[in-house]
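Listed below, chain by chain, are the residues.
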Amino acid sequence: MTGSISGRCGAILVALAVTVPLAATMTSSTAATPATTGQRSSVCDTRGPIAASALVDGVSGCSLVGRVVVSGSAAVVVPRAGYGVGADGVAGAGSSDAASLQVTNLDGVVRATVDGDAAPASRGLAARAAGACSAGQFKLASGRHPWGKVLSWRYHRPSEPKRYATGKALAHIRAGMTNMRTARNDCNRTSNLSARARYAGVSATGPGIRVKGSRITCGKLNSRNVVGWGALPNSLLGWTCYWWGGSGKMIAADMRLSTSAKVVTAIPGSCTQRYDLQSLATHEWGHAWGLGHVSNPNLTMHHFLPACSTAFRTLGLGDIKGMRQLY
Ligand SMILES: [Zn+2]
């Protein structure tokens, strides 16, 4: 179920201004022992959250629908048969955990895919453009799951931090949507994508994403597609939950943005550890459209947002290729 990765980075230019500890735990579905698929697992007889590692080879023989699956900060609810769910975030400096988690319930087998995203090494801040336009790396979130219909979404205004001027934050979130949907770039690449979106107005209901302690849980499948705000653990700046159906098409997405004062709509002249909302939104919309994380720090789908930079408002070559693959 892993997506394709095409190409590798050329020159490494820079994304992060601040040192981040190399502490992320790498877990790979390929590292697990095979041959448990189809067997009744001991998780069938337990209650409470299931470690994603127990599902990497697939579990059948009992219904796990509705059970919570956990990997690091990420948690999702096992969807009904024929569906898949994924969770991905983006972190700022100081985070060691930007893991992504996907769980599918297909052909009687519940399976988890966990991608650990190691924190990047410290680098100085420099121009991005050249590296972004030559780095062709991309990843699809969990196989190819494009939206087969218009991505119609709403905004949960009540959770918006009061520090934003009226309409300002939403304008940047909408701009982020347009950036990703149209593959806006500085690489002289034209894109004629079929991705269609519609802003459907404010929502009285927040996104189906719960945070308790250091755990972020994507709730049950819902089709409201809401962007809202809230606290996020572990220096995470944004989190997107997305669902796809048996047809292979993406059918729902919810997004939670960090209420941290580190998230700003304009980079201040003297800047440390501030993160551009529009760049953040552009990245998160990438998840909603079906993109996963890449290791190249020049690309917008890198799992760490550069501090004090608006660079991720535009897409790099790999981001464009990924959207083309989907749309
Ligand atoms: Zn992300």
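Residues numbered from 1 in each chain as written. Predicted model: local features only at pLDDT ≥ 70, side-chain atom pairs only at ≥ 80, totals over all residues.

### Side note on the overall build of the protein chain
Piece 1. Counting its secondary structure elements, the protein chain contains 4 helices and 15 strands.
Piece 2. For the protein chain, buried positions account for 50% of its 327 residues. (Helix = DSSP H or I, 4+ residues; strand = E, 2+ residues; numbered from the N terminus. Buried ≥ 20, exposed ≤ 12 C-beta atoms within 10 Å, placed from the backbone.)

### Description of the sheet that holds strand β13 (residues 250–258)
Whenever strands of a sheet pair, they do so through backbone hydrogen bonds, lying parallel or antiparallel.
Piece 1. Pairing is mixed in the open sheet, where 8 strands are placed in the order β6-β5-β4-β12-β13-β11-β7-β8. Pairing within the sheet leaves two strands with one partner each, and these edge strands are β6 (109–115) and β8 (197–202). Pairs of neighbouring strands in the sheet enclose a mean axial angle of 20 degrees, with direction left out of account.
Piece 2. Sheet analysis places strand β7 (residues 151–155) next to β8, joined by 4 bridges and oriented parallel. Note on β8: the bridge partner recorded for Trp153 is Tyr199.
Piece 3. Across the sheet, helix α3 (residues 277–289) lies against β4 (83–91), β7, β12 (236–244) and β13, angled at about 20 degrees from β12, the strand it touches most. (Pairing = 2+ DSSP bridges. Axes fitted to C-alpha atoms, helices over the stretch in contact; angles between N-to-C directions. Contact = placed C-beta atoms within 7 Å.)

### A look at the sheet that holds strand β10 (residues 215–218)
Piece 1. Taken together, the 5 strands give an open sheet; going across it, the order is β1-β2-β3-β10-β9, and neighbouring strands pair in mixed fashion. Each edge of the open sheet carries a strand with a single partner, namely β1 (50–51) and β9 (209–212).
Piece 2. Both β9 and β10 contribute to a ladder of 4 bridges, which runs antiparallel. Among the inter-strand pairings, Ile209 is bridged to a residue of β10, identified as Cys218.

### So, the pairing of strand β5 (residues 100–106)
Piece 1. For β5, the buried fraction is high: 6 of the 7 residues fall into the buried class.
Piece 2. Bridge count for β4 against β5 is 5 bridges, and the pairing is antiparallel. Bridging from a neighbouring strand, Ala87 pairs with Leu101 of β5.
Piece 3. Bridge analysis of β5 against β6 gives 7 bridges, and the strand direction is antiparallel. By the bridge assignment for β6, Ser100 is matched with Asp115.
Piece 4. Counting the residues that bridge the hairpin from β5 to β6 gives 2 residues, and of these Asp107 lies at a positive phi of roughly 50 degrees.

### A word on the confidence of the model for the protein chain
Piece 1. With 82% of its residues at a pLDDT of 70 or more, the protein chain shows a mean pLDDT of 85.
Piece 2. Predicted confidence for residues 1–36 stays below pLDDT 50, and this span has 104 contacts to residues more than four positions away or in other chains. (pLDDT = per-residue confidence, 0-100.)

### A short note on the packing of helix α2 (residues 168–181) against α3
The relative placement of two packed helices is expressed as an angle between their axes plus a distance between the axes.
Piece 1. At a minimum axis separation of 7 Å, α2 and α3 run at an interaxial angle of 50 degrees. Accordingly, the angle class assigned to the pair α2 and α3 is oblique. The crossing of α2 and α3 is right-handed. Listed contacts from α3 to Ala169, His172, Ile173, Ala175, Gly176, Met177, Asn179 and Met180 of α2 are Leu277, Gln278, Ala281, Thr282, Trp285, Gly286 and Trp289.
Piece 2. Here the residues of the contact of α2 with α3 sort into 9 nonpolar, 6 polar and no charged. (Parallel < 35°, antiparallel > 145°, perpendicular 65-115°, else oblique. Left-handed = near helix turned anticlockwise from the far one by under 90°. Nonpolar A, V, L, I, M, F, W, Y, C, P; charged D, E, K, R; others polar.)

### A few points about α3
Piece 1. Over its 13 residues, α3 runs 18 Å from end to end, which matches the ideal 18 Å to within 8%, given 1.5 Å per residue.
Piece 2. Most of α3 sits out of view: 13 of its 13 residues are buried.
Piece 3. One or two positions beyond α3, positive phi appears at Gly290, with a value near 120 degrees. (Expected span 1.5 Å × (residues − 1).)

### Topic: the pairing of strand β2 (residues 68–71)
Piece 1. Only one face of β2 is covered, namely the one carrying Val69 and Ser71; the face carrying Val68 and Val70 has none of its residues buried.
Piece 2. Examined bridge by bridge, β1 and β2 share 2 bridges and lie parallel to one another. When the sheet's bridge partners are listed, Ala51 is paired in β2 with Val70.
Piece 3. As paired strands, β2 and strand β3 (residues 74–77) are joined by 4 bridges and run antiparallel to one another. Note that in β3 the partner of Val69 across the bridge is Val76.
Piece 4. Hairpin geometry of β2 and β3 is characterised by an intervening segment of 2 residues between the two adjacent antiparallel strands and by a positive phi of about 60 degrees at Gly72.

### Section: the environment of Ala52
Piece 1. One can find Ala52 in the loop between β1 and β2.
Piece 2. What Ala52 contacts, discounting residues up to four positions off in sequence, is Val69, Val70, Ser71, Leu101, Ala112 and Val114.

### Topic: unusual backbone geometry
Piece 1. Of note, Asn225 is a non-glycine position whose phi angle comes to about 55 degrees, a positive value.
Piece 2. Structurally, Asn225 is set in the loop between β10 and β11 (226–230).
Piece 3. Phi is positive for Gln273, close to 50 degrees, though the residue is something other than glycine.
Piece 4. For Gln273, the location among the structural elements is in the loop between β14 (263–264) and β15 (275–276).

### Focus: helix α4 (residues 317–326)
Piece 1. For α4, a buried count of 8 out of 10 residues is recorded, marking the element as mostly surrounded by other parts of the structure.
Piece 2. Looking at α4, one finds that the buried residues are Leu317, Gly318, Asp319, Ile320, Lys321, Gly322, Met323 and Leu326.

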